[in-house]
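What follows is each chain in one-letter form.
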Amino acid sequence: MSSEGKALRGWPLILLVVTLATPALGLQLRSCPASLGQGEMAVVEVQAKGKVTGGFAGEPLFFFPYAPDLYRALIGVDLEAEPGPRGLQVAEGERVLRATVMVKRRPFGLQRLNLPPEMVELRGEALRRVRREKALIRRALLGTKPQPLWRRPFLLPLRGRITGAFGLQRLINGRFRSRHTGLDIAAPEGTPVVATNDGVVVLASSLYLEGNTVIMDHGLGLYSFYLHLKEFFVKRGQRIQRGKVLGLVGVSGRASGPHLHWGVVLRGKRVDPLSLLEALGEQGWKRGLSRRP
Ligand SMILES: [Zn+2]
């Protein structure tokens, strides 16, 4: 028999094995990205009858029921994650499925900024204050709710113009500084800023660099940050609804003009807010941004 004939005869066996491994109502990976850029997040969806567990890049995944027999989990990679493959596993009882998600390098741009030296070269009391406030933010991100607090799609917190993309390498007063970990949306001072979705306020404070700041926990380690507000109308511990006005656009903290710095963190990973909207946003959110992504 020719080698071609042998190869063809192998096909029914392969198909049979695949069929046995994924019967129609058993565990199935319905949706999983083949790749994620640095600082991006996505939804993983599985079909299962019972309790689903799993992991991604060495950390546990938290599945939540989405529809009958369908479960979802969020995965994200940090802005500065090393490119390369990451393993994903999902399990239901004894059955385990595996996939690979490739983390890809994203071409983040450069931003030149000139700011008052006292906001950049921190010394003395200002430096101590910034360190205390960094610790305050870290503590605010510890006690997330173990279930999603939202049901509906995520909203753009305001309409405006993108003036600073997520991930920019920043050259401030001629020196390389930290990466830009949020999205800057410029709008006139006093423009209302709304909660991107339902959640609990875990921080509402006036901070040195971030200015008047609100952080919301949406459950499952998903947090949204609203910085440089003129004022805010919510307090820590308050449960608020999607679309509620939580503050007004301002220039408080280290800001060179009125804008909202909108940040998103998923279980410690700094992710692009636009990636949250791509994954879970309301229809038509791009129309709210004048420099479209
Ligand atoms: Zn910013």
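All chains use their own residue numbering, which begins from 1 and follows the written sequence. A pLDDT threshold of at least 70 governs which residues receive local features in this predicted model, and a stricter bar of 80 or more applies before side-chain atom pairs are shown or counted, although totals over entire chains, interfaces and linings include all residues. Side-chain numbers here rest on the full set of heavy atoms in the structure, without hydrogens or water.

Trainee: Got a minute to help me understand the coordination of the zinc ion in this structure?
Mentor: In ideal tetrahedral geometry, four donors around a metal make angles of 109.5 degrees, whereas ideal octahedral geometry with six donors gives angles of 90 or 180 degrees. Water is absent from the atoms considered, so a metal site may look incomplete; donors are defined as N, O and S atoms within 2.8 Å of the metal, or 3.2 Å for Na, K and Ca. Distances from the zinc ion to its protein donors, His180 (NE2), Asp184 (OD) and His261 (ND1), fall within 1.9 to 2.1 Å. Mapped onto the polypeptide sequence, the residues donating to the zinc ion form the spacing pattern H-x3-D-x76-H. Linking His180 in the loop between strand S13 (175–179) and strand S14 (182–186) with His261 in strand S21 (residues 259–266), this pair joins segments that are 81 residues apart in sequence. Each member of the pair, His180 together with His261, is buried. Think of it this way: any DSSP run of H or I at least four residues long counts as a helix, any run of E at least two long counts as a strand, and we number them from the N terminus. Relative accessibility under 20% of the residue-type maximum defines a buried residue, over 50% an exposed one, and the middle range a partly exposed one, all with a 1.4 Å probe and only protein chains included.

Trainee: Mind showing me how you'd approach the packing of aromatic side chains here?
Mentor: The geometry of an aromatic ring pair is captured by two quantities: the separation of the ring centres and the angle between the planes. Here is the rule: rings of Phe, Tyr and Trp (six-membered ring for Trp) pair when centre to centre is within 6.5 Å. Planes less than 30 degrees apart are stacked, more than 60 are edge-to-face, and the remainder are tilted. Scanning all chains against the criterion turns up three aromatic pairs. Pairing Phe64 with Trp150 gives two aromatic rings, centres 5.9 Å apart and planes at 75°, and the pair type is edge-to-face. Here Phe64 is found in strand S6 (residues 64–67), whereas its partner Trp150 is found in the loop between helix H3 (124–140) and strand S11 (161–164), with 86 residues between them in sequence. Overall, the relative accessible area of 10% leaves Trp150 in the buried class. Judged by centre distance (6.2 Å) and plane angle (70°), the ring pair of Phe108 and Phe166 falls under edge-to-face. Of this pair, Phe108 sits in the loop between strand S9 (95–104) and strand S10 (110–113) while Phe166 sits in the loop between S11 and strand S12 (169–172); the two residues are 58 residues apart in sequence, bridging distant segments of the chain. Overall, the relative accessible area of 4% leaves Phe166 in the buried class.

Trainee: How do you make sense of the domain arrangement of the protein when you look at a structure like this?
Mentor: When the parts of a complex come together, some accessible area is lost, and that lost area is often taken as the interface size. What the domain assignment lists for the protein is domain 1 (3–104) and domain 2 (110–288). Residue ranges labeled as domains rest on an automatic or database domain assignment. Here the C-alpha centroids of domain 1 and domain 2 sit 32 Å apart. Contact with domain 1, which involves 17 residues of that partner, is made by 20 residues of domain 2. The largest share of the area that domain 1 buries against domain 2 comes from Met41, Leu74 and Leu79, three residues that together contribute 40% of it. Within this document, salt bridges are pairs made up of a side-chain nitrogen of Lys or Arg and a carboxyl oxygen of Asp or Glu, the two lying within 4 Å of each other. Taken together, the connections running from domain 1 to domain 2 amount to four salt bridges. Here Glu80 makes a salt bridge to Arg179, at a shortest N to O gap of 3.7 Å. As used in this structure description, the phrase polar contact means that two N or O atoms lie within 3.5 Å; if the pair is within protein, one of them must be able to donate a hydrogen and the other to accept it, and residues adjacent in sequence are counted only when both atoms belong to side chains. Counting the contacts that link domain 1 with domain 2 gives seven residue pairs in polar contact (both at pLDDT 80 or more). Only heavy atoms enter the contact rule, under which two residues are in contact if any of them lie within 4.5 Å. Each of two parts loses accessible area, computed with a 1.4 Å probe, when they are put together; buried area is these two losses added.

Trainee: Explain empty space enclosed by the protein to me, please; I cannot follow it from the model alone.
Mentor: Rolling a probe over the atoms, with the probe sized like a water molecule, indicates the empty space that remains. Here the term cavity refers to a set of points on a 1 Å grid, laid over the protein atoms alone, in which a 1.4 Å probe fits but cannot get out; the term pocket refers to an open set having protein on both sides within 12 Å along at least five of seven lines, with lining residues being those that place an atom within 4 Å of a point. Grid points are joined across faces, edges and corners, and a volume is the space filled by probe spheres set on the points. Per the stated rule, a full pass over the model turns up one cavity of 30 Å³ or more. Lining the largest cavity, in full, are Pro60, Leu61, Phe62, Ala73, Leu74, Leu220, Leu266 and Arg267. For this classification, the nonpolar set comprises Ala, Val, Leu, Ile, Met, Phe, Trp, Tyr, Cys and Pro, the charged set comprises Asp, Glu, Lys and Arg, and every other residue, Gly included, is treated as polar. Each residue belonging to the lining of the largest cavity can be placed in one class, and the counts come to seven nonpolar, no polar and one charged. Looking at the lining of the largest cavity, you find at least three residues from each of domain 1 (3–104) and domain 2 (110–288).

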